[in-house]
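Survey of secondary and tertiary structure
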Amino acid sequence: MRNVVIVGSGCAGNTAALYTARANLQPLVISGHEPGGQLSLTTLVENFPGFPEGINGPDLVANIRQQAERFGAEYVHGSVIEADLSKRPFRLNVEGDWIEARALIIASGASARWLGLPSEQKLIGHGVSSCATCDGFFYRDKKIMVIGGGDSAMEEAIFLTRFGREVAVVHRRDEFRASKIMLERARRNLKIRWVTPAVVEEVLDVTKGYVTGARLRNVKTGETWEQEVDGFFVAIGHIPNTAVFKGQIELDGDGYIISKGGAKTSVTGVFHAGDVQDRVYRQAITAAGAGCMAALEAERFLEAEGH
Ligand SMILES: Cc1cc2nc3c(=O)[nH]c(=O)nc-3n(C[C@H](O)[C@H](O)[C@H](O)COP(=O)(O)OP(=O)(O)OC[C@H]3O[C@@H](n4cnc5c(N)ncnc54)[C@H](O)[C@@H]3O)c2cc1C
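Just so it is clear, the model here is predicted, and its values are computed rather than measured.

Analysis parameters
Each residue is numbered by its place in its chain's sequence as written, counting from 1. With pLDDT at 70 or above as the cut-off, local features in this predicted model cover only qualifying residues; side-chain atom pairs require 80 or more to be listed or tallied, and sums for whole chains, interfaces and linings still use all residues. Each side-chain value is derived from all of the structure's non-hydrogen atoms; neither hydrogens nor water enter the calculation. Here, any two strands with at least 2 DSSP bridges between them count as paired. Helix numbering and strand numbering both begin at the N terminus, where a helix is a DSSP run of H or I of at least 4 residues and a strand a DSSP run of E of at least 2. Every axis in this analysis is a line fitted to C-alpha atoms, fitted for helices over the stretch in contact. Angles between the N-to-C directions lie between 0 and 180 degrees. Each residue is tested against the molecule or strand, and it is near if at least one of its non-hydrogen atoms lies within 4 Å. Each polar contact in these results corresponds to two N or O atoms within 3.5 Å; when the atoms are within protein, one needs to be able to donate a hydrogen and the other to accept it, and residues that are neighboring in sequence are counted only if both atoms are side-chain atoms. Computed with a 1.4 Å probe, the accessible areas rest on the Shrake-Rupley method; for each residue, only the protein chains presented here act as cover. Three residue categories are used. Nonpolar comprises Ala, Val, Leu, Ile, Met, Phe, Trp, Tyr, Cys and Pro, charged comprises Asp, Glu, Lys and Arg, and polar comprises the others, including Gly. The term nonpolar core refers to a set of buried residues drawn from Ala, Val, Leu, Ile, Met, Phe, Trp, Tyr and Cys, joined through side-chain atoms within 4.5 Å. The classification of residues rests on relative accessible area computed with a 1.4 Å probe and restricted to protein chains. Under 20% of the type maximum is buried, over 50% is exposed, and intermediate values are partly exposed. Throughout, a contact is declared for two residues whenever any of their heavy atoms are within 4.5 Å. With respect to orientation, any angle under 35 degrees is reported as roughly parallel, any angle over 145 as roughly antiparallel, any angle of 65 to 115 as roughly perpendicular, and every other angle as oblique. Crossing chirality is assigned from the near helix's rotation relative to the far helix, an anticlockwise turn below a right angle marking it left-handed and a clockwise turn marking it right-handed.

Moving on, we get to the sheet that holds strand β15 (residues 213–218). Sheet architecture is open: three strands sit in the order β14-β15-β16, paired in antiparallel fashion. Two strands lie at the open edges of the sheet, namely β14 (198–204) and β16 (224–228), each paired on one side alone. Shown here is a sheet whose adjacent strand axes are inclined to one another by a mean of 30°, direction ignored. Pairing analysis gives five bridges linking β15 to β16, with the strands arranged antiparallel. Looking across to β16, one finds that Gly213 is bridged to Glu228.

Following this line, the structure appears as structure tokens:
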């Protein structure tokens, strides 16, 4: 039986581990399929306070983990594949082993949806990104491409015009899912070029190890061509990692945890932290802050329960 179990080892989970460890609660962190979370995919992080020269994403999360371990946090490999939150203690199946917890912090993140091209996957962090706020600054006066046709693609494209020389929005249809207001705002922006109906066949150039362009195909005519580009932003949505909690805690239509104030979920004793609940900010610092909030709430909950 554990006082606190934390699901996920990204910024949110590791920060929750640090705080609950320093409260002497000996937390157990379940690392998941992506130890270190989304920052383990990227290279330089320039907007996490405290690092004037920036810090590599994997180093940042590894540092927070090391800091948490120094105070007694324990980590196990594996993912939660089943959960029973209907009564306390909560029970979690970690790839065959059941773990019991008095309090649970869910920090399982929301993974960016990618196109799934091998070239795209190889160039993540080397010109391929899913976060304009995070990486736009690297593309001052450069050529940028945004893939997607929804509101978030429009928002990312508009934001990226602050940096890029031009921003090409590539969408597979001529019609857009984005709201009228966002689409109009984007259409008024003279730096945005529209490339429709087109799909990306390959991100170039894996042999060089960074993005130099993209091979596109017009889905109506079948014509293919290569377009030079420096920053390739995929903005086709996120998938919250909550499948195992479906039916156990309240989730919204897209699967994000619905907050009941602070870090509370619909189940007493279960707390949320980070991108798994946050569809708006999605930053390392906000996830870390949310991890702190969840830890403080878990502490108070356990205290009130006499543990
Ligand atoms: C390429 C890229 C670059 C980025 N750059 C920046 C940047 O420069 N600055 C910035 O502020 N933000 C950046 N971000 C965003 C930032 O990484 C996220 O906001 C942050 O990682 C969210 O932290 P999190 O802990 O909530 O979730 P995540 O980092 O997504 O971590 C989720 C964790 O949960 C685990 N997990 C999932 N399912 C299960 C399960 N069933 N059982 C157990 N564990 C599970 C995963 O393995 C992972 O460890 C970037 C994101 C990407 C993808």
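Turning our eyes to something else, we now look at the site of the ligand. By nearness alone, 32 residues border the ligand, and Glu34, Gln38, Asn47, Val80 and Ala284 come closest of all. Backbone polar atom of Ser31 to an oxygen atom of the ligand: 3.0 Å apart, as the coordinates give it. One nitrogen or oxygen atom from the main chain of Ala284 is found 2.8 Å from an oxygen atom belonging to the ligand. Contact with the protein chains hides 97% of the accessible area of the ligand, taken as 1,000 Å² for the molecule alone. Elements that contribute at least two residues to the shell around the ligand include exactly α1 (11–22) and α7 (284–304). For the shell around the ligand, the class distribution of residues is twelve nonpolar, 17 polar and three charged.

This part takes up the nonpolar core. Nonpolar side chains tend toward joint burial in soluble globular proteins. Formed by 35 residues in total, the largest nonpolar core has its most connected members in Ile6, Ala17, Leu39, Leu60, Ile105, Phe271 and Ala273. Those elements giving two or more residues to this core turn out to be β1 (2–7), α1, α2 (57–70), β8 (97–106) and α7. Apart from the residues lying within four places of it in its own chain, the contact partners of Ala17 are Ile6, Pro27, Val29, Ala68, Ala73 and Tyr75. Residues Leu28, Val80, Leu92 and Val267 belong to the second largest nonpolar core, which totals 20 residues.

A separate point is the sheet that holds strand β10 (residues 128–129). Taken together, five strands build an open sheet; the order of strands is β10-β17-β11-β12-β13 and the sheet is parallel. The sheet is open, and its two borders are formed by β10 and β13 (192–195), each paired with just one other strand. Bridge analysis of β10 against strand β17 (residues 231–234) gives two bridges, and the strand direction is parallel. What sits directly across from Val128, in β17, is Phe232. Against the sheet, helix α5 (residues 151–160) engages β11 (143–147), β12 (166–170), β13 and β17, with an angle of about 170° to β11.

Across the interface, α1 lies against α2 with an axial gap of 8 Å and an inter-helix angle of 20°. By the angle between their directions, the pair α1 and α2 is classed as roughly parallel. For α1 against α2, the interelement crossing comes out left-handed. Facing α1, whose interface residues are Cys11, Asn14, Thr15, Ala17, Leu18 and Ala21, α2 presents Val61, Ile64, Arg65, Gln67 and Ala68. When its residues are assigned to classes, the contact of α1 with α2 shows seven nonpolar, three polar and one charged.

On the secondary structure map, Ala235 appears in the loop between β17 and β18 (238–240). Classification of Ala235 by relative accessible area gives buried; the value is 8%. Through-space distance from the C-alpha of Ala235 to that of Ile81 is 28 Å; in sequence the pair is 154 residues apart. Setting aside chain neighbours within four positions, we find Ala235 in contact with Val146, Ile147, Gly148, Ser152, Ala153 and Glu156.

In short, geometric facts, not functional conclusions.
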